[in-house]
Amino acid sequence: MTNHLMRHFPALRERAATPFITAGERIISYADAADQSGRIANLLIAQGVAPGDRVAVQVEKSVEMILLYLACVRAGAALLPLNTAYTLTELEYFLGDAEPAMIVCGPEREAGVKALADKLGLPAPMTLDSDGLGTLSARAGGLAPDFTDVARGPDDLAAILYTSGTTGRSKGAMLTHENLASNARTLRDYWRFTAQDVLLHALPVFHSHGLFVAINTTLVAGSSMIFLPRFDADDVFRLLPQATTMMGVPTFYTRMVGDPRLTREAAAHIRLFVSGSAPLLAETHRQFLAMTGHAILERYGMTETNMNTSNPYDGERRPGTVGFPLPGIQARICDPDGGAPCPDGTIGMIEVKGPNVFTGYWRMPEKTAAEFRSDGFFITGDLGIIDADGYVSIVGRGKDLVISGGYNIYPIEIESEIDAIDGVAESAVIGVPHPDLGEAVVAVVVRAPGTNIDGEAIIAALDGRLARFKQPRRVIFVDELPRNTMAKVQKQRLREEHKAMFAA
Ligand code: MLC
Ligand code: AMP
């Protein structure tokens, strides 16, 4: 048996001289990537990382982070990437739950992560900074570049990505070699990626979008990427003429549309702009088209499923829709409660099935079972409709979720933190339309009787406990929360009341 996912990346052997990643002045060829990932894979083995073991990684974006991902695949380990914004309090849960055999963190975090690792009985962390330096690179540098990839089959674990949930605790979505490989093949073919492509990569690399959609598609096509540490409009406009494709969350595109530098000429070298992770406003799609002549291609995915649907490469890219189920992937609309198929053209729960869909949540068999139908369809939690032409539209969420700048935020997690603060009786967290982030987090809070806590004190109490991007952008105080006859908080009513709060 060979290593299933690595078999899909022949460029590492066959396109040795081709640039894989350009980052500033650095150019890392496919040959470099093969060598460096081989050294890191040798280090993983030397550290005792065995097939199936987790390697937890919370580091700034760097080329070495991607080489570490490749090294994990090659050594048969499962990468567990973590958002750099997560606090040590949040990290404790992930490390305790996943029990990684190796931990890699930024040098500025080393002491805190080591203390956590000691407490949990895990190995001390290695470090990796945004320039790719640290104990990981130093130690791997002394090892041989040759590495025989560990044999792994299609169903073996390749990565665990944690996603929050409506029940509070984050769940580790287990993705196999074939989940990743099948989606990479499909996207390469559907979006016509070839070895001639250069992808402008400004996304973070700890989520499915920046990691798998962007990087696996590049690897499977043997094409190149230009790496930016983050979305910075100056860098993006400077580098667009060197790229042929770009992927982004809608915030990238709303920022570009609001920038006078976005012209036909600026985008002339690009053949494809892709958007996903959050709804792209039809208005943004139209403005972008008017300014550049490019119809942004919107697609729909999830951590658990990789990509499910996409607007077509040829043919109409319909604003406000997420296109058609990708080849080999089935999507259907069902009654959210009973699961019965909905009549054509009605709104219901989007359910999907295909080689892209994960195998389950790490050590949570009941939660896994609850999210699959008996015929193997995964219940996405997104409400949608399929029109007469087959285009899927997402029209709402069956799950209480806020998507801010492409990051998913589950209100229950914020509410439980706020409710635990002295001076708070109860709270409801909602997402409110925001011109830059799509949605922004707002907390509606009822003070405890006789207290006078203010918004600043609430934010201060959340600092260090919750990642900054999850913290409310605004806190509103009310005497009581609106409830229905079942005593359930009427969030829709709160969203309606506050919908113009951030109006531009
Ligand atoms: C940063 N901040 C955010 C935020 N990003 N707040 C809310 N929502 C966000 N998304 C906060 C920071 O903590 C900071 O707070 C302040 O905003 C400015 O930080 P910044 O780093 O300068 O922000 P910026 O560079 O402008 O980042 C915004 C962004 C970025 C939208 C460019 O968040 C981003 O790249 N998002 C992409 C997310 C993504 O990749 N999602 C894919 C998930 S996978 P302060 O107060 O400290 O200043 C998935 C599946 C699929 O969903 O289908 O793809
Ligand atoms: P995550 O759990 O971070 O992978 O986020 C997945 C969720 O993002 C999906 O369940 C959708 O709610 C949302 N999402 C992804 N792509 C789109 C899109 N193009 N339009 C609307 N929502 C999207």
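Scroll up a little and you will see the structure.
First, a word on scope: everything that follows refers to the structure included in this document. (Residues numbered from 1 in each chain as written. Chains lettered and ligands numbered in written order. Predicted model: local features only at pLDDT ≥ 70, side-chain atom pairs only at ≥ 80, totals over all residues. Heavy atoms only, no water.)

### Looking at the site of ligand 2
Right, so step 1: In the neighbourhood of ligand 2, 15 residues make up the surrounding shell, with Arg299, Thr303, Asp382, Lys399 and Asn408 lying closest.
Right, so step 2: Within the contact set of ligand 2, an oxygen atom lies 2.6 Å away from a side-chain nitrogen or oxygen of Asp382.
Right, so step 3: For ligand 2, whose accessible area on its own is 500 Å², the fraction buried by protein is 92%.
Right, so step 4: The biggest single contributor to the shell around ligand 2 is strand β13 (residues 297-302), with five residues.
Right, so step 5: Looking at the shell around ligand 2, its residues break down into seven nonpolar, four polar and four charged. (Near = heavy atom within 4 Å. Polar contact = N/O pair within 3.5 Å; in protein donor to acceptor, adjacent residues only side chain to side chain. Areas by Shrake-Rupley, 256 points an atom, 1.4 Å probe, with all protein chains shown as cover. Helix = DSSP H or I, 4+ residues; strand = E, 2+ residues; numbered from the N terminus. Nonpolar A, V, L, I, M, F, W, Y, C, P; charged D, E, K, R; others polar.)

### Digging into the sheet that holds strand β24 (residues 438-447)
Right, so step 1: Overall, mixed pairing links the three strands, which are arranged β23-β24-β25 in an open sheet. Single-partner strands in this sheet number two, and they are β23 (424-434) and β25 (474-477). For this sheet, the mean inter-axis angle between neighbouring strands, taken without regard to orientation, is 30°.
Right, so step 2: As paired strands, β24 and β25 are joined by four bridges and run parallel to one another. When the bridges of β25 are listed, Val445 appears paired with Phe477.
Right, so step 3: Against the sheet, helix α14 (residues 455-462) engages β23, β24 and β25, with an angle of about 130° to β25. (Pairing = 2+ DSSP bridges. Axes fitted to C-alpha atoms, helices over the stretch in contact; angles between N-to-C directions. Contact = heavy atoms within 4.5 Å.)

### Observations regarding the side chain of Asn83
Right, so step 1: Its place among the elements puts Asn83 in the loop between β4 (78-81) and α4 (88-98).
Right, so step 2: Each residue touching Asn83, except ones within four places of it in the same chain, is listed here: Gln58, Phe206, His207, Tyr407 and Phe469.

### A closer look at the site of ligand 1
Right, so step 1: Surveying the vicinity of ligand 1 reveals 23 residues, the closest of which are Arg230, Ser277, Arg299, Ser404 and Arg468.
Right, so step 2: Between an oxygen atom of ligand 1 and a side-chain N or O atom of Ser277, the distance comes to 2.6 Å.
Right, so step 3: Taking Gly301, its main chain carries an N or O atom lying 3.2 Å from an oxygen atom of ligand 1.
Right, so step 4: About the coverage of ligand 1: the protein hides 74% of its 1000 Å² of free accessible area.
Right, so step 5: Listing elements by their share of the shell around ligand 1, those giving two or more residues are α8 (208-221), α10 (250-257) and β13.
Right, so step 6: The class makeup of the residues in the shell around ligand 1 is nine nonpolar, nine polar and five charged.

### Structural notes on unusual backbone geometry
Right, so step 1: With a phi angle near 90°, Ser277 is a residue other than glycine that sits in the positive phi range.
Right, so step 2: For Ser277, the position within the fold is in the loop between β12 (272-275) and α11 (282-292).
Right, so step 3: The phi dihedral of Asn306 falls on the positive side, at around 55°, and the residue is not glycine.
Right, so step 4: For Asn306, the position within the fold is in strand β14 (residues 306-310).

### Observations concerning the packing of aromatic side chains
Right, so step 1: For the structure on display, the rule yields 17 aromatic pairs.
Right, so step 2: Between Phe273 and Phe288, the aromatic rings sit 4.9 Å apart at their centres with planes inclined by 75°, giving edge-to-face as the arrangement. With Phe273 in strand β12 and Phe288 in helix α11, this residue pair connects regions lying 15 residues apart in the sequence. When sorted by exposure, Phe273 lands in the same class as Phe288, which is buried.
Right, so step 3: Taken together, a centroid distance of 4.5 Å and an interplanar angle of 40° make the contact between Tyr407 and Phe469 tilted. Highlighted residues: Tyr407 in strand β22 (residues 407-409) and Phe469 in the loop between α14 and β25, separated in sequence by 62 residues.
Right, so step 4: Among the aromatic residues, ring-to-ring pairing joins Tyr86, Tyr93, Phe94 and Tyr162 into one connected group.
Right, so step 5: Positioned above the aromatic ring of Phe193 is the side chain of Arg271, whose terminal nitrogen or guanidinium carbon lies 5.2 Å from the ring centre.
Right, so step 6: Directly above the aromatic system of Phe477 lies the positively charged group of Arg447, at a separation of 3.8 Å from the ring centroid. (Phe/Tyr/Trp six-rings, centres within 6.5 Å; stacked < 30°, edge-to-face > 60°. Buried < 20%, exposed > 50% of the residue type's maximum accessible area, 1.4 Å probe, protein only. Lys NZ or Arg CZ within 6 Å of the ring centre and 35° of its normal.)

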